[in-house]
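Structure assessment
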Amino acid sequence: MTPVPDALRPTPDEALQAWATRVRANREQVDQFREASAADFYAPIAGMFRADPRRRDEPTLETLRALVQPTDTVLDIGAGGGRYALPLALVARAVVAIQPSDAMRRVLAEGMSEYDIGNTQLVSRRWPDVSSDVHGDVALMSHIGYDVEDIGPFLDAMQTAAQRVRIAVLLSQAPPTEADRFWPLIHGVERAALPSLPEFLSLLIARSRPFEVRLVDRSPQTYHQPDQALAWLRQQLWTAPGGQKDNLLQRLARERLQERDGRFALSWEPVSVGIVTF
């Protein structure tokens, strides 16, 4: 008798394939509808990832600080503009910030200079390509992985490169969720959603990887100016400025943005964040 697949108990291969299917469907929609270039995906919004490394108002960061020891070398995979790399460099022995985006590395380097943080090494190559050349005590993936189709080797490389612990910080819903709501109006189709925290935990269970997860709230994504929100929406919907779809996107963004105390957001509902150690 042929075994019947059980969606509640996938095999490791089934879980990896389900993850890959979601990521591939998401990417294929971009290939079908995009009008804008993908030269450096993060260039238009890199400045939004600048943050004070000494801030104490972010529950996720406080949890990460508690997980890192003073003797640790932290591998921050997809370090972005240093939102976590720089604060962790203040409590760890060293940080290796792995970030292929030129724009993001520039923001990170500016933060290192501004806050006089010298124990951070910048690496421009992608993970897991660079994994054989860097090793540490902690491997951190923060708000990346959602769009990594071949997630198995990505996680395996984290397991090999980090001697003490692996940490994944993932939202309960993928970061582009608020932008995904615009897809039916702009492109005429529902957005193929990326996997996020629930799928990641299912994947670890299917692969028999023990883990612990801590849940905290994240404040809504806000913007200083409406133009910042529009830049993010353009990035997620791949519209070209001046085009018919972009004009519609601008109108819808103006209608949906909500202002509170001089800040703007598409939604003011908090989102759960999972800090997963495995």
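These notes cover the structure that comes with them.

What counts as what
Residues numbered from 1 in each chain as written. Predicted model: local features only at pLDDT ≥ 70, side-chain atom pairs only at ≥ 80, totals over all residues. Heavy atoms only, no water. Helix = DSSP H or I, 4+ residues; strand = E, 2+ residues; numbered from the N terminus. Contact = heavy atoms within 4.5 Å. Pairing = 2+ DSSP bridges. Axes fitted to C-alpha atoms, helices over the stretch in contact; angles between N-to-C directions. Expected span 1.5 Å × (residues − 1). Parallel < 35°, antiparallel > 145°, perpendicular 65-115°, else oblique. Left-handed = near helix turned anticlockwise from the far one by under 90°. Buried < 20%, exposed > 50% of the residue type's maximum accessible area, 1.4 Å probe, protein only. Arc of directions from axis to C-beta. Phe/Tyr/Trp six-rings, centres within 6.5 Å; stacked < 30°, edge-to-face > 60°. Lys NZ or Arg CZ within 6 Å of the ring centre and 35° of its normal.

With that settled, consider the environment of Asp137. For Asp137, the position within the fold is in strand β4 (residues 136-142). In this structure the C-alpha to C-alpha distance between Asp137 and Ala103, which are 34 residues apart in sequence, comes to 27 Å. Excluding anything up to four places from it in sequence, Asp137 contacts Thr71, Asp72, Thr73, Ala162, Gln163, Arg164 and Val165.

Attention now moves to the sheet that holds strand β1 (residues 73-77). A sheet is described by the order of its strands in space; here seven strands give the open sequence β3-β2-β1-β4-β5-β9-β6, paired in mixed fashion. Two strands in the sheet have a free side with no partner beyond their single neighbour: β3 (120-123) and β6 (212-218). Shown here is a sheet whose adjacent strand axes are inclined to one another by a mean of 20°, direction ignored. Bridge analysis of β6 against strand β9 (residues 271-277) gives seven bridges, and the strand direction is antiparallel. Residue pairing across strands places Glu212 opposite Thr277, the latter belonging to β9. Against the sheet, helix α8 (residues 197-206) engages β4, β5 (162-171), β6 and β9, with an angle of about 25° to β9.

This part covers helix α9 (residues 226-237). Each α-helix turn comprises 3.6 residues. Residues three or four places apart therefore point the same way. With twelve residues, α9 extends 16 Å from end C-alpha to end C-alpha; this agrees with the ideal 16 Å at 1.5 Å per step. On its buried face, α9 sits against α6 (177-180), α7 (183-186) and α10 (244-256). Trp238 lies just past α9 and shows a positive phi near 60°.

α8 packs onto helix α1 (residues 12-33) with a crossing angle of 155° between their chain directions and a minimal axis gap of 8 Å. As judged from the angle between their axes, α1 and α8 are roughly antiparallel. For the element pair α1 and α8, the recorded crossing hand is left-handed. Contacts between α1 and α8 pair Pro12, Ala15, Leu16, Trp19 and Arg22 from the former with Glu199, Phe200, Leu203 and Ala206 from the latter.

Turning our attention to unusual backbone geometry. Cis rather than trans, the peptide bond between Trp127 and Pro128 has omega equal to 5°. Even without being a glycine, Asp116 presents a positive backbone phi close to 55°. Among the structural elements, Asp116 can be located in the loop between α4 (102-114) and β3. Under the relative-accessibility criterion, Asp116 is labelled exposed at 70%.

We now examine α10. Helix length check: α10, at 13 residues, gives a terminal C-alpha distance of 19 Å against a target of 18 Å (1.5 Å per residue), a fit within 8%. Buried within α10 we find Asp246, Leu249, Leu252 and Ala253. For α10, the angular spread of the buried residues around the axis is 120°, confining them to a single face. Counted as exposed and oriented over 90 degrees from the buried face of α10: Gln244, Arg254 and Glu255. Contacts from the buried residues of α10 go to α7 and α9.

The next thing to look at is the packing of aromatic side chains. Enumeration over the complete set of coordinates arrives at three aromatic pairs. An angle of 65° between the planes, with centres 6.4 Å apart, marks the rings of Trp19 and Phe200 as edge-to-face. Taken together, the positions of Trp19 in helix α1 and Phe200 in helix α8 put the pair 181 residues apart, joining distant regions of the chain. Phe200 matches Trp19 in its accessibility class, with the two residues each being buried. On the basis of an interplanar angle of 70° and a centroid distance of 6.0 Å, the ring pair of Phe200 and Phe278 is categorised as edge-to-face. Remark: Phe278 occurs in the segment after β9 and Phe200 occurs in helix α8; sequence separation between them is 78 residues. Phe200 gets classed as buried once you look at its relative accessible area, which sits at 0%. Judged by relative accessible area, Phe278 falls into the buried class, the value being 9%. Aromatic rings pair up to connect Trp19, Phe200 and Phe278 into one cluster. Across the ring face of Trp183, the terminal group of Arg191 is positioned such that the distance to the ring centre comes to 4.1 Å. Over the aromatic face of Phe182 sits the side chain of Arg256, whose NZ or CZ is 4.7 Å from the ring centroid.

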